[in-house]
Every structure is written in C-alpha cells, then in structure tokens.
Amino acid sequence: MSTTSNVKQIGPVLATFMVANNMIGSGFFLLPATLARSGAVTVFSWLIGTVLAVALGGAFARLARQYPDLTSPDDYIRPSLGRDMGFLATTAYWLSSWIGNNAIAVAAIGYLVILLPVSDGPGVQLTGQILLIWSMLALNLLGPRTIAHFQSFCVVFGLLPIAAVLIAGWAYFDSSIYFAGWNVSGESDAAVAFGSLATVFWAFIGLETGAMVAGVVRNPKRNVPIATLGGILLAGVVYMVSSVLMMGIVPVEELAESSAPFALVAGQMFGAWAIPVIAAAAALKATGTLGGWLLVTGESGARAAHRGFLPRFFGHLLPNGAAGQGLLAVVISMTIIAFATVSDTVGTQFETIINMAVTLVVVAYAAAGLSLLLGNPERPAGPRDRILGMCALLACGLLIWSTPIDTLMGALIICLLAWAAYRGFPRRGQTAK
C-alpha cells in the first residue's frame, strides 16, 4: 500500500473542484439532447438526482473516514459483506467504467462529425467512435504521463468556449420556448421526473472519487466530506443550469435530434461561425475525458487482477506504467459494445449505454450503503453509519426503480456470469489486500 508522506496534499477547494470535474464529462455535452425527448420538466429529475447523489456522497464521505487508504470497493465491502460481494462490487464498478467509456466516445464523435466533410449517419458515427476508441488506446500505451498532459490540454482549451456559451446564453433565453417544451413525452410530469433519474444520474458517476483519493487530501476527515458534497452540488448546479438554458434557446424537438446540442445552441446565439468553434471545443474536452477514463479503467482493472478478481493479464503493466494487455482487452470489448448499441440518433445510443453503466455502478453504491448499515467486527455500525447507509440504499433503490426492465435484466445477467466465472475458475491472483 502506497504512502502519501512525500506527496503534496491538496486542500478542500481543489479537492471540491477535482470531484466536480470528474462528474462534468460527456453528460454535459449530450444529456440535454437526450432529456429533450421528454421535455423541460426534466429539471425536476436534476433536482431529485442531486439529492440522491448527496445521499450517496454522504455514505462515501463516511467510508473515507473509516478507510482513509481505500483504493477499491473491495477495501470497505469485504470486511462487512465478504469476498464474493467484494468481487461483485469491484467488478461491476470496473465494468461500468469501460462500458461508460463508449458513451464518452459517442459524445465526442457527435461533435467531431460537424467538423468533417461527411454526412451524419449511423455508419459514420460508428466508424468514428471505433477510430476514436482505438486512438485513445494508442495514446494510453505511451504511458500515464502522456495521457495526463493530453487531458490537461483538453480541459483548458475545451471548456473555455463552452463557458462563454453558458455565461452569454441567458441574454438569448426565451421562457416561451422553454415552457412550450415543458413535457412532450405524453406521460405525467411525475412519471417523467422519476423515470429520467437513471439517465440523469450518469452525470453524477464519479461522486465517489473524493473518497478514493482521500490519501492525497489534507485533513481528510474534515475535507473529504466537504469536497464530496461540495463537488456534487457544484456539478448538479452546472448540469441543471445548462439544461434549462439550452431548452430555453432551442425548441426541444430540434434539440432532441441534435448530435451536438451545444453547437446547435451556439449557432442560434452567435451565428453559423460559432458552430465549428463550439463543436471543436466540445469534441476536444470529451476526447480528453475518454483518454483519462481509459487510464482509470486500466489501473482499476490491474488492481482487481492483483486481488484475484480478474485474469492475471489485466495486472501486467508496461515499463512506462500502462496496463497494455488489459486495455487491449477492454478496447476490444468497447468495440463490440459500439456495434451492439448503434442507433439512428446519437441521443438514443448515448441513453442506452449510460443506463447500463449507471445500473452496474449502482451495485457498487448499494454495497457501500449496505456495508455502512451492517458494519463489521472491527468497525461496528453506529447510529450515523446506519442512517447514511439506509439513505444510500434508498437512493440506489429509487435509481433501480427508474431503470428500464431490459437494462436491469442485462445487468443482472452480466453480474451472474461474472460471479459464476469467479467461482468456477481457479484464482491465481492475490485475494487479500
């Protein structure tokens, strides 16, 4: 286990922005188009989703106090729930991360295709998505430092034009456009608000990262809860404000059909010249996010392999630190997912992928809540633990209730197959911390 004695630790402000940045990703660029198919009433989904994220964030902040050096869900799940549940939560979290990477690629290509002299069709989207995935694999094979520099460049130059749209956009906001598209789903407002929770919650995946990096946060007992809850609230406000703004500038019918909603809104505001500028910025930011999450996927897969949860080749690292073999297997799997989920519109494909990713990550979140609720012999559950654990489980239950049944069945089959493989084949990796 690594130590942090020689690492320069960060304070609550930087930690808060780190947590928020981990949540503000592909959902920021495509969720407005996906939600526009239901209407502006989804603002209530953002409000409810933020409350659920705060409930889960409180549970992870508590776990960070109890396990300050945790690096995997297995660290806090195994002591309370045993080895098998530690495996399921760790593996579901890992699966969610690389399945969700496809959604990031979808978002990037949705904007990038605007800059290319090609038609915007399913075949072009699929080809671009696959090329982008494999390009980010090649970049990851150059090592973590290369990806870190690339991601930093993408964040700086990708978000500045987007920020300009968010700031200047309120001068173009038309309340009549917004309320004309309040609910176009044909269902009740309540049904839409709760039915969109699983989709909205894609924006909050990453809320646990404050707990996962508690070792580099100064005074983690105080600052990790601040960073976690502050980051969730900041991300929730940014997502909700951007969604409301865009639905008040462009009618939801047009927004729902767009593969690049921010570029569409920028064109309405500033003219045709702004469309390629915003498209390039959004594509750059999403591409950097994809490269960074591939790095996280490789590293989490390697840690899972070291614990005996994945085949040993996932744990093999290149001399530069890249998880070469594991990432290759992941990218091949992502390519298969890309073919399996191709749709007529980017928004539809994006929603299909993120619903599966959210369902799988909820397994890890529910296990976290249950481990707090039950405690273990070394750390018995106190009243606060039980309250936070119960709130986390209620949040997970609501997210599962709002998920389409076919997505739930798919996630269940994936978990059962993974568990059967784990129990049925020899485990040659380390099974202890």
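Small disclaimer: the values here were computed from a predicted structure and weren't measured. (Residues numbered from 1 in each chain as written. Predicted model: local features only at pLDDT ≥ 70, side-chain atom pairs only at ≥ 80, totals over all residues. Heavy atoms only, no water.)

What follows concerns the pattern of salt bridges. If charged atoms from side chains of opposite charge come close, those side chains can pair. Across all of its chains, the model carries seven salt bridges by this definition. One salt bridge connects Arg 78 with Asp 74, and the closest N-O pair in it is separated by 3.2 Å. Note that Arg 78 and Asp 74 are positioned in helix H4 (residues 73–81) at a spacing of four residues, about one turn of the helix. Arg 78 gets classed as partly exposed once you look at its relative accessible area, which sits at 23%. Taking the shortest distance from any N to any O, the salt bridge between Arg 307 and Asp 74 comes out at 3.0 Å. In this pair, Arg 307 is assigned in the loop between helix H15 (274–306) and helix H16 (324–341) and Asp 74 in helix H4, connecting sequence segments 233 residues apart. For Asp 74, a relative accessible area of 1% gives the class buried. Within this structure, Asp 74, Asp 75, Arg 78 and Arg 307 form a network of salt bridges that share partners. (Salt bridge = Lys/Arg side-chain N within 4 Å of Asp/Glu carboxyl O. Helix = DSSP H or I, 4+ residues; strand = E, 2+ residues; numbered from the N terminus. Buried < 20%, exposed > 50% of the residue type's maximum accessible area, 1.4 Å probe, protein only.)

Our next topic: the nonpolar core. Formed by 125 residues in total, the largest nonpolar core has its most connected members in Phe 201, Trp 202, Phe 204, Leu 207 and Phe 262. Sequence-distant contacts of Leu 207, that is, excluding residues within four places in its chain, are made with Val 19, Met 23, Ala 53, Leu 56, Gly 57, Phe 60, Phe 201, Thr 228, Ile 232 and Tyr 365. (Core = buried A, V, L, I, M, F, W, Y, C linked by side-chain atoms within 4.5 Å. Contact = heavy atoms within 4.5 Å.)

Put simply, helix H2 (residues 26–36) and helix H17 (residues 346–374) touch, their axes get as near as 9 Å, and they point 115° apart. For H2 against H17, the interelement crossing comes out left-handed. Contacts from Ser 26, Gly 27, Leu 30, Leu 31 and Thr 34 of H2 reach H17 at Val 346, Gly 347, Phe 350, Glu 351 and Ile 354. In terms of residue class, the contact of H2 with H17 is built from five nonpolar, four polar and one charged. (Axes fitted to C-alpha atoms, helices over the stretch in contact; angles between N-to-C directions. Left-handed = near helix turned anticlockwise from the far one by under 90°. Nonpolar A, V, L, I, M, F, W, Y, C, P; charged D, E, K, R; others polar.)

It is worth spelling out the packing of aromatic side chains at this point. This model, assessed by the stated rule, comprises 28 aromatic pairs. Geometrically, the ring pair formed by Phe 28 and Phe 262 is tilted, given 5.0 Å between the ring centres and 35° between the ring planes. Taken together, the positions of Phe 28 in helix H2 and Phe 262 in helix H14 (residues 261–270) put the pair 234 residues apart, joining distant regions of the chain. By relative accessible area, which is 3% here, Phe 28 ends up buried. On the basis of relative accessible area, Phe 262 is assigned to the buried category, the value being 0%. Between Tyr 178 and Trp 182 the ring centres are 6.2 Å apart and the planes differ by 70°, which places this aromatic pair in the edge-to-face class. Put simply, the rings of Phe 28, Phe 29, Trp 46, Phe 60, Tyr 76, Tyr 111, Phe 201, Phe 204, Tyr 239, Phe 262 and Tyr 365 touch in pairs and so form one group of aromatic residues. (Phe/Tyr/Trp six-rings, centres within 6.5 Å; stacked < 30°, edge-to-face > 60°.)

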